[in-house]
Amino acid sequence: MKSLVIIFVICLSCCAYGEDNKPAKAIAVLGFSDKVFGNVTFSQPSCHEAVFIQIAIVGLTPGKHGFHVHEKGDLSGGCVSTGGHYNPDKLKHGAREDSDRHVGDLGNVVADQTGTVSTSYSDNVITLFGSRSIIGRAIVVHAAEDDLGRTDHPDSHKTGNAGGRLACGIIGILEPSDVDWPCTSGSSHLGLASVLLLVIAVISFRF
Amino acid sequence: MPSDIPTKVEIAMKIDGSQQLEAIKSRLNEIGIKNEKIQIVTEKNNKECRVVVETNSKPWIEIQETLQTFGEKRVALVGFSDQSAVAILDKGDDLNIKGVIRFCSISANKPGIVIDGVVDGIESPDDHFLSIYEYGDFSDGCHGLGNIYKDANYKLTSNDSGSSTIRSVDHNLNIHELIGRSVAISKANENIKFKGGIISRAAGIFQNWKKFCACDGTTLWDERDRQTAISGRNA
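Residues numbered from 1 in each chain as written. Chains lettered and ligands numbered in written order. Predicted model: local features only at pLDDT ≥ 70, side-chain atom pairs only at ≥ 80, totals over all residues. Heavy atoms only, no water.

Asker: Help me understand the sheet that holds strand S4 (residues 63-70) of chain A, please; the structure alone is not making it clear to me.
Answerer: Strand pairing in a sheet relies on backbone hydrogen bonds, with the paired strands running either antiparallel or parallel. All names here are of chain A. Across the sheet, eight strands lie side by side as S6-S4-S8-S9-S1-S2-S3-S7; this open sheet has antiparallel pairing. The open sheet is flanked by strand S6 (105-111) and strand S7 (117-123), the only strands paired with a single partner. Each strand axis lies, on average, 20 degrees off the axis of its neighbour in the sheet, ignoring direction. Where strand S3 (residues 51-58) meets S7, seven bridges bridge the pair, whose relative direction is antiparallel. Looking across to S7, one finds that Ile53 is bridged to Tyr121. (Pairing = 2+ DSSP bridges. Helix = DSSP H or I, 4+ residues; strand = E, 2+ residues; numbered from the N terminus. Axes fitted to C-alpha atoms, helices over the stretch in contact; angles between N-to-C directions.)

Asker: What is the right way to look at the pattern of salt bridges in this model?
Answerer: Any two side chains of opposite charge can pair if their charged atoms end up close together. All names here are of chain A. The final tally for this structure, using the stated rule, is nine salt bridges over all chains. We note a salt bridge from Lys72 to Glu71, for which the minimum N-O separation is 3.8 Å. According to the relative accessible area criterion, Lys72 is buried, its value standing at 7%. Residue classification places Glu71 among the partly exposed positions, given a relative accessible area of 28%. (Salt bridge = Lys/Arg side-chain N within 4 Å of Asp/Glu carboxyl O. Buried < 20%, exposed > 50% of the residue type's maximum accessible area, 1.4 Å probe, protein only.)

Asker: Help me understand the state of the cysteines in this model?
Answerer: Think of a disulfide as a covalent bridge from one cysteine sulfur atom to another cysteine sulfur atom. Residues and elements named next belong to chain A. Under the counting rule described, the total for this entry stands at one disulfide over all chains. One disulfide in the model links Cys79 with Cys168; its S-S distance is 2.2 Å. Taking the torsion about the sulfur-sulfur bond, which here is approximately -90 degrees, the covalent link between Cys79 and Cys168 counts as left-handed. Linking Cys79 in strand S5 (residues 76-79) with Cys168 in strand S9 (residues 165-173), this pair joins segments that are 89 residues apart in sequence. Exposure class is identical for Cys79 and Cys168. Each is buried. (Disulfide = S-S within 2.5 Å.)

Asker: Honestly, the sheet that holds strand S13 (residues 182-187) of chain B in this entry has me stumped. Any pointers?
Answerer: Residues and elements named next belong to chain B. Strand order in this open sheet of four strands is S10-S8-S13-S14, and the pairing throughout is antiparallel. Where the open sheet ends on each side, the last strands, each with one partner, are strand S10 (148-155) and strand S14 (193-198). For this sheet the average axis-to-axis angle between neighbouring strands, irrespective of direction, equals 20 degrees.

Asker: Looking at this structure, how should I read the pairing of strand S8 (residues 138-142) of chain A?
Answerer: Working note: regular strand, side chains alternate between the two faces of the sheet. Residue and element names in this part refer to chain A. Counting buried residues along S8, five of its five residues qualify, which places the element largely inside the surrounding structure. Because side chains alternate across S8, one face comprises the buried residues Ala138, Val140 and His142, and the other comprises Ile139 and Val141, equally buried. Alignment of S4 against S8, held across four bridges, turns out to be antiparallel. Across the sheet, the residue bridging to His70 is Ala138, located in S8.

See the structure below:
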């Protein structure tokens, strides 16, 4: 029962802002660097599911590099004008697995001996839907390792002390490859689903 | 969205000293904006200031036009609560073309945006267009942008200094639906996109103290600064 209510609330909160045909795929092409290039793609089948992230980067120094979603996609001053980590809830900086983390905290990417990153994973916190969507914001790759908020460094709980911004890219809408995502087929559909869930929730409460 | 949510607009101005601040306030008073809704911060030894006005209903363009009575080239809109977007034209094959386009809501409560920008490097601006495209995918040059979004085409015009400018009002669009899509420059009757960029979330009030291009179609504050803004990001 509780889970139903939770699902209802989540669906309502993330879909309420949804628009017709809003796609659930996005891409950031990393640039603004002489050496570091890459693509980061995001896909989310529906608004209450995790975002699948695929990362391909070349030109890094071997080892860990901080990897974050920053608040703005404003590159008019280079990677610097993208603001801080996207953190709408004003939480502490943390690891991707932490409950206390910025929405934009995606931890580190690990470059191999050739400076290449090729990895993929799912994240439950970022979203491509609604007012908290990461679309239009920026992905930034840092020069140093993100300490994930685990050290005594004064910046640890703010930025993970990950150093300068090596490369960045704006997260743009990617042409959707599948046609019929849930939660994207229009507000009437959505309204119906929400009402149905609400009715179920109310009925369950009464009994 | 309730209609009484106040909106803030931030306008940067060149001034002749702090004695001008009272004149700015009284000019704003004349169009019905009370002093408690006006915040002015000076910088650069009182040679520049940021005017932030809180308003429920007045279009920012009216505020900007009022301040432009102090000199058109001295005024630039730099922030609009959370309702402004920016696209830097830096993706594509044509190395000569570059530019910055800003998008600002006309008011917080109604659809309608102003598209405003400067583009360099186009020899015959009058037969070129800026268009909004469905997608913001530049992983393959300008080929992944999809179709033109809601017939959003805007004509370029040439200005005195050899650049092209765009200034257009579109009453059918709002900022929020454009985020993550793209703009690109193309020539009339030719389906080639010379240069484009993703429409992204721009800095809000008092977040943009750095170099930038202005929403009034000119630059902040002159040609040299704009060049720095466009080329300086690689520094």
